[in-house]
Amino acid sequence: AYQNPWSLVEYERALFNPDWSPSREDIIVQLVHYCRREHEEHGTPVRAVARHILGFANGLPGAKRFRQILSDPGELREADETLLLRAWAAVSETRK
């Protein structure tokens, strides 16, 4: 799942809910909300979540830039949850 987290969506559909079909952007937006909530309630830094989704854009144009943004120490040091949106924008812009 680390190399291809999107496969979890396929498993969810196959095993539990065939009608569930979020977009990758939907998932990123949900992660932004999750990061915000975790930071407010527990002080969890964005890097604690970001490191687990480095493979989220694998196979898509812009995936390398997505990983670079989410693993850049300078970005992570001061990052808030919008870092996820900035990283996804690198993929979205490349796909247009």
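Analysis parameters
Residues numbered from 1 in each chain as written. Predicted model: local features only at pLDDT ≥ 70, side-chain atom pairs only at ≥ 80, totals over all residues. Heavy atoms only, no water. Phe/Tyr/Trp six-rings, centres within 6.5 Å; stacked < 30°, edge-to-face > 60°. Helix = DSSP H or I, 4+ residues; strand = E, 2+ residues; numbered from the N terminus. Buried < 20%, exposed > 50% of the residue type's maximum accessible area, 1.4 Å probe, protein only. Lys NZ or Arg CZ within 6 Å of the ring centre and 35° of its normal. Contact = heavy atoms within 4.5 Å. Expected span 1.5 Å × (residues − 1). Arc of directions from axis to C-beta. Patch = residues over 30% accessible without salt bridge, like charges linked within 9 Å, V, L, I, M, F, W, Y side chains within 5 Å. Areas by Shrake-Rupley, 256 points an atom, 1.4 Å probe, with all protein chains shown as cover. Salt bridge = Lys/Arg side-chain N within 4 Å of Asp/Glu carboxyl O.

> Just checking my understanding: could you explain the packing of aromatic side chains for this structure?
When we look at a pair of aromatic rings, we describe it by the centre distance and by the angle of the planes. Summed over all chains, the structure comprises four aromatic pairs. With centroids separated by 6.0 Å and ring planes inclined at 80°, the aromatic side chains of Trp 6 and Phe 56 adopt a geometry described as edge-to-face. Highlighted residues: Trp 6 in the segment before helix H1 (7–15) and Phe 56 in the loop between helix H3 (47–50) and helix H4 (63–71), separated in sequence by 50 residues. Here the two residues Trp 6 and Phe 56 agree in accessibility, since each one is buried. Relative to Trp 88, the ring of Phe 66 has its centre 6.2 Å away and its plane inclined at 90°; by these criteria the two rings are edge-to-face. One end of the pair, Phe 66, is in helix H4; the other, Trp 88, is in helix H6 (residues 82–95), with 22 residues separating them in the sequence. Across the pair, Trp 88 and Phe 66 agree in class, each one buried. Taken together, the ring pairs in this structure connect Trp 6, Phe 56, Phe 66 and Trp 88 into an aromatic cluster. Lying across the ring of Phe 56, Arg 24 places its NZ or CZ 5.8 Å from the centre.

> Honestly, the environment of Val 9 in this entry has me stumped. Any pointers?
Relative to the helices and strands, Val 9 resides in helix H1. The buried category is assigned to Val 9, whose relative accessible area is 6%. In the structure, Val 9 is positioned 15 residues away from Arg 24 in sequence and 9.6 Å away in space, judged by C-alpha atoms. Excluding anything up to four places from it in sequence, Val 9 contacts Trp 20 and Pro 22.

> Quick question: what am I supposed to make of helix H2 (residues 24–42) here?
Given 3.6 residues per turn, any residue in an α-helix points the same way as the ones three and four places further on. For H2, spanning 19 residues, the distance from its first C-alpha to its last is 26 Å, which sits close to the expected 27 Å at 1.5 Å a residue. What H2 keeps buried is the set Arg 24, Ile 27, Ile 28, Leu 31, Val 32, Cys 35 and Glu 38. For H2, the angular spread of buried residues about the axis comes to 150°, placing them on one side. In H2, those exposed residues whose orientation departs by more than 90 degrees from the buried face are Glu 40 and Glu 41. At the C-terminal side of H2, Gly 43 shows a positive phi close to 75°.

> Please explain a nonpolar patch on the surface as it appears in this structure.
On the surface, Leu 8, Tyr 11, Leu 15 and Phe 16 cluster together into a nonpolar patch covering about 500 Å² of accessible area. As for its position among the elements, Leu 8 is in helix H1.

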